[in-house]
Amino acid sequence: MDKEREHIIADKTMLRVARVTSIVFTPFSIPFLAFLVLFLFSYLRIMPILYKGIVLGIVYCFTILTPTITIFLFRKINGFARQDLSERKKRYVPILLTIISYVFCLLMMRKLNIPWYMTGIIFVSLVVSIICILVNLKWKLSEHMAGMGGIIGGLVSFSALFSYNPVVWLCLFILIAGILGSARIVLGHHTLGEVLSGFVVGLVCAFLVLHPAYNFMFRVFLF
């Protein structure tokens, strides 16, 4: 009985950790987290506080606040629970609402002449969301893991752009990616294939948009 009780407690703890991890590292929070890391730990930390506050405010409004509110209203209008949105056929509208928010964020950032490597972060998120909604016609990708793949790809790309050593940050986010991927599987929201595919999509998109060796055509587009 003691061993059975220990197993039950361990399972409940695992589920609790999985839920918390999924909530903290949602697809919506990834762009904001990327900007936060950029402003705190790269040379961009020397920028005026007001400038950083304006950029973070724009990113927060269009990548976290607006999608969260619109998707919440969509769920309430249709009577969907949060876990219902893990079903493939119910993911179209939430992803589309996210895409619209990212488009408005990009337009706002371009209007303020924010540098391409910052707008590129939002562009990566937009491209990943478009790929997710297209793949969703037949299958589904893990948006959580696409976000983590984007962060890791962005770290490598920015290390080439700004000439810094990304090893510590890479180790941290690879660990977080492993925990998050496991959480999505434990919660039953995704299979291993969906988790790995989402990660690869985010990683490749970040490389193509942000890495100075590959992003010429994207820089032309963003300007």
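Residues numbered from 1 in each chain as written. Predicted model: local features only at pLDDT ≥ 70, side-chain atom pairs only at ≥ 80, totals over all residues. Heavy atoms only, no water.

As annotated in an unreviewed UniProt entry, the protein chain carries the name Putative transmembrane protein and is attributed to Bacteroides faecis.

Undergrad: What is the right way to read the overall build of the protein chain from this model?
TA: A tally of helices and strands in the protein chain yields nine helices and zero strands. Across the protein chain, helices and strands are ordered from the amino to the carboxyl terminus as α-α-α-α-α-α-α-α-α. Among the 223 residues that make up the protein chain, the fraction classed as buried is 45%. Considering only contacts in the protein chain between residues 6 or more positions apart, those separated by 24 or more positions represent 75%. (Helix = DSSP H or I, 4+ residues; strand = E, 2+ residues; numbered from the N terminus. Buried < 20%, exposed > 50% of the residue type's maximum accessible area, 1.4 Å probe, protein only. Contact = heavy atoms within 4.5 Å.)

Undergrad: Hey, could you run me through the state of the cysteines in this one?
TA: By definition, a disulfide is the covalent link that joins the sulfur atoms of two cysteine residues. On inspection of all chains with the given rule, the structure shows zero disulfides. There is no disulfide at Cys-105, and the cysteine sulfur nearest it, in Cys-61, is 9.1 Å away. Overall, the relative accessible area of 0% leaves Cys-105 in the buried class. (Disulfide = S-S within 2.5 Å.)

Undergrad: Would you mind going over helix 4 (residues 92-111) with me for this structure?
TA: Structural remark: α-helix, 3.6 residues per turn; residues separated by three or four positions point the same way. With 20 residues, helix 4 extends 29 Å from end C-alpha to end C-alpha; this agrees with the ideal 28 Å at 1.5 Å per step. Positive backbone phi, approximately 55°, marks Asn-113, located one or two places after helix 4. (Expected span 1.5 Å × (residues − 1).)

Undergrad: How do you make sense of the UniProt feature "transmembrane region" (unreviewed entry) in the protein chain when you look at a structure like this?
TA: Per the UniProt annotation, the sites labelled "transmembrane region" (unreviewed entry) are residues 20-43, 49-72, 92-110, 116-137, 144-161, 167-187 and 194-214. Its end C-alpha atoms 32 Å apart, residues 49-72 is made of 100% helix and 0% strand. Taken end to end, residues 116-137 is 91% helix and 0% strand, and its two terminal C-alpha atoms sit 31 Å from one another. (UniProt positions renumbered as here; feature names shortened; annotations may be inferred.)

Undergrad: I tried to follow a nonpolar patch on the surface on my own but got confused; where do I start?
TA: Where nonpolar side chains cluster on the molecular surface, the patch consists of Tyr-60, Leu-65, Ile-69, Phe-72, Leu-73 and Ile-77 and spans about 580 Å² of accessible area. You can see Tyr-60 is positioned in helix 3 (residues 49-78). Note on Tyr-60: relative accessible area 36%, which makes it partly exposed. (Patch = residues over 30% accessible without salt bridge, like charges linked within 9 Å, V, L, I, M, F, W, Y side chains within 5 Å. Areas by Shrake-Rupley, 256 points an atom, 1.4 Å probe, with all protein chains shown as cover. Salt bridge = Lys/Arg side-chain N within 4 Å of Asp/Glu carboxyl O.)

Undergrad: Where do I start with the confidence of the model for the protein chain in this structure?
TA: Low pLDDT marks stretches whose predicted atomic positions should not be read closely. For the protein chain, the average pLDDT comes to 80, and 81% of its residues sit at 70 or higher. This stretch, residues 1-11, has a pLDDT under 50; its non-local contacts, to residues over four places away or in other chains, come to zero contacts. (pLDDT = per-residue confidence, 0-100.)

Undergrad: Whenever I open this one, the nonpolar core confuses me. Can you help?
TA: The nonpolar side chains of a soluble globular protein tend to be buried, and buried together. In terms of nonpolar packing, the biggest core is built from 36 residues, with Phe-35, Phe-39, Met-109, Tyr-117, Met-118 and Ile-122 touching the most fellow members. Those elements giving two or more residues to this core turn out to be helix 2 (29-41), helix 3, helix 4, helix 5 (116-135), helix 6 (143-162) and helix 8 (192-210). Element by element, the count of residues in this core is highest for helix 5, at eleven residues. Aside from chain neighbours lying at most four places away, what touches Met-118 is Phe-35, Leu-38, Phe-39, Leu-44, Met-47, Tyr-51, Val-55 and Met-109. Among the nonpolar cores identified, the runner-up in size contains 13 residues, and Val-37, Met-145, Ile-176 and Val-195 belong to it. (Core = buried A, V, L, I, M, F, W, Y, C linked by side-chain atoms within 4.5 Å.)

Undergrad: What exactly am I supposed to notice about the packing of aromatic side chains here?
TA: The way to describe two aromatic rings as a pair is by their centre distance and the angle between their planes. Taken as a whole and assessed by the stated rule, the structure comprises four aromatic pairs. A centroid spacing of 5.9 Å and a plane angle of 70° characterise the contact between Phe-32 and Tyr-60, whose relative ring orientation is edge-to-face. Of the two residues, Phe-32 is situated in helix 2 and Tyr-60 in helix 3; the sequence distance between them amounts to 28 residues. For Phe-32, a relative accessible area of 21% gives the class partly exposed. (Phe/Tyr/Trp six-rings, centres within 6.5 Å; stacked < 30°, edge-to-face > 60°.)

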